[in-house]
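# Topology and contacts: notes
This is what each chain is made of:
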Amino acid sequence: MAAAIENVPAEYLRETMAGISVEEVPNGDHVDLVYEKRPKGVRRRVVFGGAVGYCPTSYASYRQVEGSGSEPATEYLMEIQTWEYIREGEAFLPKRVARRNTKTDGTLQSEYSLTLESSELNVDLGPDVFTYKRLGLNEGDCLYDETVQKLYKVSGDQLVEIFPMP
């Protein structure tokens, strides 16, 4: 998907993506594409970083607050997410993702971040990964298998089919 975005000129996006404005921002030797959309009182801004192969590097939502009397309408930053990437061969993996939510007065409501500790690409998982034992079920836990539409219960080290009540 990143390669497809990289080859789409901003002018084409301006003409074909109704309601989305596109801006090119120089960033050293690369160009960042900024997409902006305003659905129902919310302005969303997504930046695709040219330095990392046009992966999204930030996402922000701004909420419109209506004015009252002589006070004009204002806008506040409701949520912002940022991504930092690490290159693994030809792939870009998110190394760190951070998100902050704010209240209308600008104070912090919540925040969290996720950091990539390690990665392995094209690892042979083996068939055991796709078994019920991998789920970490305990004695007495139930498991519904949608492929055969049957309900099972863990008993010892095996699954026992539970017959439906008449």
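Residues numbered from 1 in each chain as written. Predicted model: local features only at pLDDT ≥ 70, side-chain atom pairs only at ≥ 80, totals over all residues. Heavy atoms only, no water.

## Considering unusual backbone geometry
Positive phi, normally seen in glycine, also occurs at glutamine 149, with a value near 50°. Relative accessible area serves as the criterion here: at 62%, glutamine 149 is assigned to the exposed category. (Buried < 20%, exposed > 50% of the residue type's maximum accessible area, 1.4 Å probe, protein only.)

## Points about the pairing of strand E4 (residues 55–65)
Relative to E4, strand E3 (residues 42–49) runs antiparallel, the two sharing eight bridges. Paired with valine 47 across the bridge in E4 is serine 58. Turn length for the E3-E4 hairpin, with the two strands adjacent in sequence and antiparallel, is five residues, and the turn residue glycine 53 shows positive phi of about 70°. Note that E4 and strand E5 (residues 74–88) share eight bridges and pair antiparallel. Its bridge partner lying in E5, tyrosine 62 is registered against leucine 77. (Pairing = 2+ DSSP bridges. Helix = DSSP H or I, 4+ residues; strand = E, 2+ residues; numbered from the N terminus.)

## Here we look at the environment of cysteine 55
Note on placement: cysteine 55 falls in strand E4. Setting aside its immediate chain neighbours within four residues, cysteine 55 contacts Val47, Phe48, Gly49, Tyr85 and Phe92. (Contact = heavy atoms within 4.5 Å.)

## What to know about the confidence of the model for the protein chain
Overall, the prediction assigns the protein chain a mean pLDDT of 79, with 86% of residues at 70 or greater. Across the protein chain, the element-wise mean pLDDT spans from 38 in helix H1 (residues 2–6) up to 92 in strand E7 (residues 108–115). This model gives residues 1–7 a pLDDT under 50, and the stretch forms eight contacts once residues within four places in sequence are excluded. (pLDDT = per-residue confidence, 0-100.)

## Details of the packing of aromatic side chains
Going through the model one piece at a time under the given rule, you end up with one aromatic pair. Judged by centre distance (4.9 Å) and plane angle (80°), the ring pair of tyrosine 35 and phenylalanine 48 falls under edge-to-face. One end of the pair, tyrosine 35, is in strand E2 (residues 30–37); the other, phenylalanine 48, is in strand E3, with 13 residues separating them in the sequence. In terms of burial, tyrosine 35 and phenylalanine 48 fall into one category: buried. Taking the ring centre of tyrosine 62 as reference, the NZ or CZ of arginine 43 above it sits at 4.1 Å. (Phe/Tyr/Trp six-rings, centres within 6.5 Å; stacked < 30°, edge-to-face > 60°. Lys NZ or Arg CZ within 6 Å of the ring centre and 35° of its normal.)

## Quick word on a nonpolar patch on the surface
Taken together, the side chains of Val123, Leu125 and Phe130 make up a nonpolar region of the molecular surface, amounting to roughly 330 Å² of accessible area. The residue leucine 125 is located in the loop between E7 and strand E8 (142–145) in this model. (Patch = residues over 30% accessible without salt bridge, like charges linked within 9 Å, V, L, I, M, F, W, Y side chains within 5 Å. Areas by Shrake-Rupley, 256 points an atom, 1.4 Å probe, with all protein chains shown as cover. Salt bridge = Lys/Arg side-chain N within 4 Å of Asp/Glu carboxyl O.)

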